[in-house]
Each structure stands twice: as structure tokens, then as C-alpha cells.
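Chain residues, written in single-letter form:
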2 protein chains.
Amino acid sequence: MSLPPDVDRPVETVERAIDIIDYLKENGPATIAEVTAHLGCAKSTAHRHLKTLEASSFLIEENDEYRLGIRFLDYGVIARDRHTFYREVKSKVDTLADETDEKIWCAVEEHGRSVHIYGAQGKRSVRTYARLGHQNYLHQHAAGKAILAYLPDERIDEIVETYGLPARTQHTITTADELWDEIEAIRERGYALNIEESVEGLHAIGAPIKDENGTALGAISISGPANRLDGSFLREELPTLLLGTVNEITINLAHA
Amino acid sequence: MSLPPDVDRPVETVERAIDIIDYLKENGPATIAEVTAHLGCAKSTAHRHLKTLEASSFLIEENDEYRLGIRFLDYGVIARDRHTFYREVKSKVDTLADETDEKIWCAVEEHGRSVHIYGAQGKRSVRTYARLGHQNYLHQHAAGKAILAYLPDERIDEIVETYGLPARTQHTITTADELWDEIEAIRERGYALNIEESVEGLHAIGAPIKDENGTALGAISISGPANRLDGSFLREELPTLLLGTVNEITINLAHA
DNA sequence: CAGCTTGTTCGAATAGCTTGAACAGGCTTT
DNA sequence: AAAGCCTGTTCAAGCTATTCGAACAAGCTG
């Protein structure tokens, strides 16, 4: 919960190791020379770090290049499976995908951002930038906004202050005033809409899964092309379907 | 490739951080006190490490406990998506699951072990210990044995020497002689069988996906209950189906 | 065969990690 | 209400272990 901490005296050696991992994540496989240049340190230092990370299979050496190991999947899957409602949500999300034939995402909040922990595609579902495990800004998409609206007000302020409101498309919410109006609307409706705010031509609706205090634990969204998800389908039929599913999940969670 | 290296002078501070991550992976969420006890170090040291890892969202603090962040999924999914044949394999595996109604796994080899990078379930597919991202011994299951048989002989020796041949069931191969006989058989047939070697009551067949040199890059397996996967279905129909799929993938890879 | 590049090893210096004690805050207990 | 006992957190000092840079080995290229 909360936000990533500002550590007074972080363990710099560990930060360097994380820096390497992040570099490989962003830029793909790299040689020692490349990593050395990125870190701005001695070649021998980079070498020692890479070999240490390789010993635990976090990194794999292939043709004189280091890359991220599939081992990360193991940790990610375990983290996901331990999430309170993942198992509960999975089957419902699969059902929703079958019923709507559209793309369904389930997201949870971590450190003031949203992470997609499960996705199911219907027959006609579109591919977007969204990816399993990817961190997103809460204000940029339907599931994120649904989560945001059901967090305590002071928490929302904190998050906006920390990350700002960067735009993705020309429809993305970029000012705090707009955001609070939107949150008001979401709280009244019970669900969030995303009208081309994350991807041009893409509409979506999202609804929160709440704990016993009414605070959002995560959210589920349905997304599809703007021309298909529109009018009463987007604003009446889909919300009914989605809120029904979310309601079932919430009840099951309360009795688990 | 190859095996995890024996590092001469590893970065011990990084090893400690990995130790924390592994502890949380094995034992679930833990308090600082618990981590301190596990590491056998000062409370302030554990604190500094935990906060450093939390700053990058690898760990998340919740109710005075630290747990693995869903962020690991991000790294894992990226590592998987970059794998040469993942995209190629995924759609074929989905098709196989539809055609057979059984559980299909796709595994790759890393550091002499196999990792499941994708799984698809058919309507009747069984649930086993197998999990996405989980590391397995190559000799214990169909996909692993298929990979093993198509590695260079000296590599096989290395792997057996490093990890030994631990048993899972009473049918698991546990001696080098048995293993070499099995490898011989697999090389002749072109596919591997798993007759209750990983789970009692579970049969499976696996076939390798090879690069231009004939070395295994990974493998695909079909598994199901022993009573259903048996006789000519297991030894004729399924192999034909599986080898056909694997062949398609191999050809597509060669022209990519 | 020389010259470049790569990855790897090793000793010395000093940066920074670890420690243990002390502080603050939230519980429960008396 | 106060005392006690947990937590998590901070800080200065000592010494461990990281970092550096140079030297070595090995593989390619011209």
C-alpha cells in the first residue's frame, strides 16, 4: 500500500543491481561493455554484479549477452496467486470475456499505480498497449479510475502529487479539477468510463472491487473499439453486466 | 545457456537482497523481525534492505509485512515475450489445447532446468503441480526429457552432474544408465513419454522445438490422466498431432 | 601474425555496509 | 492512566567488502 518510500540511506549496491535489471528490461539483452557504460563504473564491477545475478538465474548469459531470466515469471506468478482475490476474479473474468467477446482486464493498485494481474480475451477483443504486469497511471484508464475513485481522498491527493497527471491521448484527464469532477461522477454511477483517454479509438468501462470498508482492492474493465462500445451498450448493458460480476466477487470475498 | 556460474567473489550485499526476496517467495509475507531472524543480521540492516527493495516496488509493505510486488510479473512477461519462439508457439499451443481438450505446456531450458513459459488448458485438462514460471528438473517430465535428448551429450553429462536425478514418484528416472537408454529411445522416436514419472496417474508426451543445428530450444507437452492418455491414442494419435505442430513451428522459426 | 576486441582475475584503497544502541509510536496490561 | 512491551526507524563509528584500474587470457578481424 501507500507510495514507494523515500529511503534515507538506501543500500546503494542493491540499487546498482536493480539499475542493471531495469536497464536490461528497457533495452533488451546487453553485453558487459554496454552495462558498464550505462552504470558509469569499472568493467570489473559490472562483471561481478552480472555474475552474481546470473548465479541466482535472475539473469541468463547467452552469446556474450545478458538478458532477464524467465525466473522472474515465477516470482510474479507467486505474487499474483497470493493476492486475496486473484483466484476469485480469474474465473469471473473468463466468463465475462465469453459473454461479451471483448477484452477484459483485472488490475490491482500497488504504490499508487495500477498493475494488470490478469487479462482474458473474447473472440473479437482488440490488442492494445496493455500488457500483463505492466504498471499504469491510475488516471489514464477505466480500471485505474475506478480504483482511484474508491480510495480515501487524502490518498488520491498524495498520488496525484507524486505522479502528476501525464497525458496519453488528447482526451486524458490532465488537471486535478477535471479529475475530481470525474471521481464525483464515478462515485455516483458506481463505475468509470474511459473515452479514448488511453488509446485513440478505444472505449472501456471499469468497476472497483471493494473490501469491507468500501476501499478499492482492484478493478475489472471491459474494453473495445469505440464504434462497438458506444451508446446504450456502453452506458447501460455493459455496466449492468460488469456491476453484476463485481458484486458477485465482492460477496464471495466477504465470506472467504 | 550453460549452468549457473560459480562466482569467485560475488557481491555479497546483492546476495543478501536476493536472499530476502527468496525468503518472501518461499514463506509468504513477513515482518522485519522475521526477515532479520532469517538473515541473522542486525534489525537496521534488514530494514535498510527492505526499504531499498520497496523503493523499486519489488517489495510492497502491507500491514507491517513485506510481500513480493506484482512488479515481478512485468519483468517475467517481458523476458518471456522476448524469447525467440514464444509468440510463434503461443497460438499453436492454444490450437492444440482446443483440438485435444487436454493440458498443453510449453517449456524452455535455462541453466540446465526447464521453465514453463506458457500453458493452455483444454476443456477436460487436469490441474497438477505444474505452474507458469516454475523451474523443473529436465529428467522429471515429458517436455524436459524432450529438451534433454536434443542437447549435446557433454551438456547432458554436465546437467546430470550438477543437479543429480532426484525422484518425484517411484517411476522417475534416477540413474544415469536409465536416462541414457531413455534418451536413445527419444532420439529414435522423436518424442518423449512421461509415464507417471512426475505425478502418479498422469501421462504425457513431449516433443522438442529445435534450432537450425538440431539443438533443442524448448519443448511442448500434452498431459492428461493415465486412463485417457494410453494405448494407441498416447503412442500414435497424439504423437502425430504433436509432431505436426512442432514441425510447423520449427519451419516458421527457420524463416523468421 | 599483429592488433583489436571481448571477458576475467587480482591486490590495494576507501567508500559505504553493518552493527548496536537509542528514539518514537502504537498496543496491551496492570 | 501509566507502565511495559512490542513494533519500525534513526544515527555515529568501525571495519568489512565494494570498487577501481591494471594486467591477463582468449577469440576475431584485418
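Residues numbered from 1 in each chain as written. Chains lettered and ligands numbered in written order. Predicted model: local features only at pLDDT ≥ 70, side-chain atom pairs only at ≥ 80, totals over all residues. Heavy atoms only, no water.

By the naming in an unreviewed UniProt entry, chain A is DNA-binding transcriptional regulator, IclR family, taken from Natrinema hispanicum.

Trainee: Looking at this structure, how should I read the UniProt feature "domain: IclR-ED" (unreviewed entry) in chain A?
Mentor: When the UniProt feature table is mapped to this numbering, "domain: IclR-ED" (unreviewed entry) covers residues 71–255 of chain A. With 45% helix and 23% strand, residues 71–255 of chain A has end C-alpha atoms that lie 34 Å from one another. (UniProt positions renumbered as here; feature names shortened; annotations may be inferred. Helix = DSSP H or I, 4+ residues; strand = E, 2+ residues; numbered from the N terminus.)

Trainee: Whenever I open this one, helix H2 (residues 32–39) of chain A confuses me. Can you help?
Mentor: Along an α-helix, residues three or four positions apart point the same way, because every turn accommodates 3.6 residues. All names here are of chain A. Among the residues of H2, Val35, Thr36 and Leu39 are the ones counted as buried. Here the buried residues of H2 occupy an arc of 105° about the axis, which is enough to place them on one side. Turned more than 90 degrees away from the buried face of H2 sit Ala33 and Ala37, all of them exposed. On its buried face, H2 sits against helix H1 (12–27) and helix H3 (43–55). Looking one or two residues beyond H2, the residue adopting positive phi is Gly40, at roughly 70°. (Buried < 20%, exposed > 50% of the residue type's maximum accessible area, 1.4 Å probe, protein only. Arc of directions from axis to C-beta. Contact = heavy atoms within 4.5 Å.)

Trainee: Help me out: how do you make sense of the environment of Leu179 of chain B in this one?
Mentor: All names here are of chain B. Mapped onto the elements of the fold, Leu179 is located in helix H8 (residues 176–189). For Leu179, a relative accessible area of 1% gives the class buried. For the pair Leu179 and Leu165, spaced 14 residues apart in the sequence, the C-alpha separation amounts to 9.1 Å. When sequence neighbours within four positions are dropped, the list of residues in contact with Leu179 reads His139, Leu148, Val160, Leu165 and Ile173.

Trainee: Sorry, what's going on with the UniProt feature "domain: HTH iclR-type" (unreviewed entry) in chain A here?
Mentor: What UniProt calls "domain: HTH iclR-type" (unreviewed entry) maps, in this numbering, to residues 11–70 of chain A. Within residues 11–70 of chain A, the helical portion is 62% and the strand portion 13%, while the C-alpha atoms at the span's ends are 26 Å from each other.

Trainee: Looking at this structure, I do not really get the pairing of strand E6 (residues 192–195) of chain A. What am I missing?
Mentor: A regular strand carries its side chains on alternate faces of the sheet. Residues and elements named next belong to chain A. Where E6 meets strand E7 (residues 202–210), 4 bridges bridge the pair, whose relative direction is antiparallel. Among the inter-strand pairings, Ala192 is bridged to a residue of E7, identified as Gly206. Between the end of E6 and the start of E7, which pair antiparallel, lie 6 residues, with Glu196 showing a positive phi angle near 55°. (Pairing = 2+ DSSP bridges.)

Trainee: Looking at this model, I keep getting lost on the protein's contact with DNA strand D. Mind explaining?
Mentor: What surrounds DNA strand D is a group of 23 residues, the closest being Arg16, Ser44 and Thr45 of chain A together with Glu12 and His47 of chain B. When the atoms of DNA strand D within 4 Å of the protein are sorted by group, sugar and phosphate make up 57%. Ala42 of chain A has a polar backbone atom sitting 2.9 Å from a phosphate oxygen of DNA strand D. Side-chain polar atom of Lys43 of chain B to a base oxygen of DNA strand D: 3.3 Å apart, as the coordinates give it. Put simply, the parts of the chain that give the surface near DNA strand D at least two residues each are H1 and H3 of chain A together with helix H1 (12–27) and helix H3 (43–55) of chain B. Among the residues forming the surface near DNA strand D, the class breakdown is 6 nonpolar, 8 polar and 9 charged. (Near = heavy atom within 4 Å. Polar contact = N/O pair within 3.5 Å; in protein donor to acceptor, adjacent residues only side chain to side chain. Nonpolar A, V, L, I, M, F, W, Y, C, P; charged D, E, K, R; others polar.)

Trainee: Any chance you could explain the relation of the copies chain B and chain A here in plain terms?
Mentor: Copy one and copy two of the chain differ by a rotation about a common axis and a shift along it. Least-squares fitting of chain B to chain A yields an RMSD of 0.1 Å, with the superposition described by an axial translation of 0.0 Å and a rotation of 180°. A rotation of that kind, with that shift, is consistent with a two-fold axis. Counting the interface residues of chain B, we find that 98% of their copies in chain A are interface residues as well, pointing to one common contact surface. (Least-squares fit on C-alpha atoms with pLDDT ≥ 70 in both.)

Trainee: Even after reading the chapter, I still don't get the sheet that holds strand E3 (residues 103–110) of chain B, so can you show me in this structure?
Mentor: In any sheet, the strands associate via hydrogen bonds between backbone groups, in a parallel or an antiparallel arrangement. Residue and element names in this part refer to chain B. The strand order E5-E4-E3-E8-E7-E6 describes an open sheet built from 6 strands, whose pairing is antiparallel. Edge positions in the sheet fall to strand E5 (135–137) and strand E6 (192–195), since each has one partner strand and no second. Pairwise comparison of adjacent strand axes, ignoring direction, gives a mean angle of 30° for this sheet. For strand E7 (residues 202–210) and strand E8 (residues 216–225), the ladder comprises 9 bridges, and the chain directions are antiparallel. Looking at the pairing, Pro208 lines up with Ala219 of E8. (Axes fitted to C-alpha atoms, helices over the stretch in contact; angles between N-to-C directions.)

Trainee: What exactly am I supposed to notice about the sheet that holds strand E5 (residues 135–137) of chain A here?
Mentor: Residues and elements named next belong to chain A. One open sheet holds the 6 strands; their spatial order is E5-E4-E3-E8-E7-E6, and the pairing between them is antiparallel. Looking at which strands have only one partner, the edges of the open sheet turn out to be E5 and E6. The mean inter-strand angle of the sheet, taken between neighbouring strand axes irrespective of direction, is 30°. Against the sheet, helix H5 (residues 86–100) touches strand E3 (103–110), strand E4 (113–121), E7 and strand E8 (216–225), its axis set at about 50° to E4. Seen against the sheet, helix H9 (residues 231–254) touches E6, E7 and E8 and runs at an angle of roughly 25° to E7.

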